[in-house]
Structure formats: structure tokens, C-alpha cells
Amino acid sequence: MTATIPIGGAAARDASRALQEILALLQERQPWPADPGLPAAPRAVEPMRWQDLEAMWRILDRQMDGLGRKVALDMGTGDLRQSLYATLVGQLQEAHAVEPDPRVYRLVTRPVYDLARTHGMADRIHLFDPSDALELEWQPYDLVVVTGTESAEPFLAEPFRARIARKLSESPGTVLAVATRH
């Protein structure tokens with residue numbers, strides 16, 4: 001069973017450091033090189049900075065009146081840091097993680113998930129096989145988290161905005177959180 005740690009304070013900082021160390025160890029053991037069998041990834045694999053991640057989940061915890069009974073969809077999960085942080089430090093009840101890029105899934109997402117499970121850190125994370133999160137039903141989710149690595153532009157493109165708007169209209173009560181790095 002996974003323990004949860006309230007957001008803020010020394011325990012949360014320790015949990016955050018432990019997550020960072022696990023991801024760093026995995027990176028040392030298995031670097032995430034380009035895969036010669038596939039074309040270049042359409043997006044960077046560089047993840048969200050830890051201080052931004054912590055700030056985002058603190059805000060969501062406050063705005064959603066706590067995360068303890070909430071279930072989130074982590075769209076474009078990458079190295080799972082959103083799901084891991086939210087379930088371990090943010091006390092999120094459950095996270096469903098989706099990485100659409102098969103290469104990122106194979107080289108990053110799946111190895112991080114397997115390592116986290118080995119250490120009992122992923123008990124409340126459900127990892128989907130590579131897929132498009134916009135094809136899933138969003139009604140079971142209280143929160144859908146979309147994180148970008150470069151800018152907000154891909155999330156503001158009309159086709160993406162229209163698909164997101166349609167999904168939200170089909171899922172009353174679901175909150176969308178978009179976090180980007182500029």
C-alpha cells in the first residue's frame with residue numbers, strides 16, 4: 001500500500017527528492033537515446049521542472065478543495081512525474097496515465113512505471129498502453145492534466161482546442177489543467 005504525504009512541508013520535499021532520485025537513477029542506467037528504428041519524436045521529452053510541478057499541484061489542491069478523493073487523467077505523461085507526484089505527495093486517489101508516443105512510452109514511460117512499481121510507488125497509477133487520451137471517456141475523471149514542454153501553442157491550435165472542448169462538454173464536472181513551459 002502506498003503512503004500519501006500532505007503537500008508542503010519536509011515530508012513532501014523528501015518525497016519529491018526521492019522521485020527525482022529514482023528518475024535520475026533510471027536515466028543513468030538506461031539513457032533515453034533517439035531510437036534509430038523510428039523517426040524523430042514530434043515533441044521534446046524534457047519534463048516539467050520540479051518547482052513548477054509542486055506549485056501546480058498546490059494550486060490544484062486548493063482550488064479543488066483537496067485531492068484525496070479525486071481521480072485524474074495524466075495526458076501525455078512522459079516520465080510519469082505528474083502521476084507519481086500527484087498520488088504520492090498530492091494525495092490524489094488515483095491517476096490514469098497516457099503517453100501517446102510509442103517511442104517515449106517504450107524508452108521512458110514504461111521503464112519508469114516498472115521501477116516505481118518495484119518500489120511500491122505506483123500502486124494508485126493505471127498506465128494505459130500508448131494511445132490518444134482524447135479517445136478515452138473522460139466522465140470518470142475529476143481532473144485532466146495536460147503538460148507541455150515548450151509553449152502553449154500546441155494546446156491552443158484550433159483542432160486540439162475543438163477536441164478538448166468537445167470532451168469537456170461530454171464530461172460535466174471534469175476540470176482541465178494545462179501547464180506549459182515557456
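This structure is a prediction, so every number in the text was calculated from the model and none was measured. (Residues numbered from 1 in each chain as written. Predicted model: local features only at pLDDT ≥ 70, side-chain atom pairs only at ≥ 80, totals over all residues. Heavy atoms only, no water.)

Considering unusual backbone geometry
For Asp 65, which is not glycine, the phi dihedral falls at a positive 55°. Tracing the chain through its elements places Asp 65 in the loop between helix H2 (50-63) and strand S1 (71-75). According to the relative accessible area criterion, Asp 65 is exposed, its value standing at 73%. A positive phi angle is found at Leu 80, which is not glycine, with a value near 70°. For Leu 80, a relative accessible area of 1% corresponds to the buried category. (Helix = DSSP H or I, 4+ residues; strand = E, 2+ residues; numbered from the N terminus. Buried < 20%, exposed > 50% of the residue type's maximum accessible area, 1.4 Å probe, protein only.)

Brief notes about the sheet that holds strand S3 (residues 125-127)
Pairing within the open sheet is parallel, and its five strands lie in the order S3-S2-S1-S4-S5. Single-partner strands in this sheet number two, and they are S3 and strand S5 (175-179). Direction aside, neighbouring strands of the sheet carry axes that sit 20° apart on average. Pairing analysis gives three bridges linking strand S2 (residues 94-98) to S3, with the strands arranged parallel. The partner of Ala 97 across the bridge, within S3, is Leu 127. (Pairing = 2+ DSSP bridges. Axes fitted to C-alpha atoms, helices over the stretch in contact; angles between N-to-C directions.)

Let's talk about the pattern of salt bridges
Applying the stated criterion across every chain, the model contains five salt bridges. Among the ionic pairs, Arg 81 bridges to Asp 79, the shortest N-O distance being 2.8 Å. We classify Asp 79 as buried; its relative accessible area is 6%. Here Asp 132 makes a salt bridge to Arg 163, at a shortest N to O gap of 2.7 Å. Within this pair, whereas Asp 132 is found in the loop between S3 and strand S4 (143-147), its partner Arg 163 is found in helix H6 (residues 158-170), the two being separated by 31 residues in sequence. Relative accessible area serves as the criterion here: at 29%, Asp 132 is assigned to the partly exposed category. What makes Arg 163 partly exposed here is its relative accessible area of 28%. Taken together, the shared-partner salt bridges in this structure form one network comprising Asp 132, Glu 135 and Arg 163. (Salt bridge = Lys/Arg side-chain N within 4 Å of Asp/Glu carboxyl O.)

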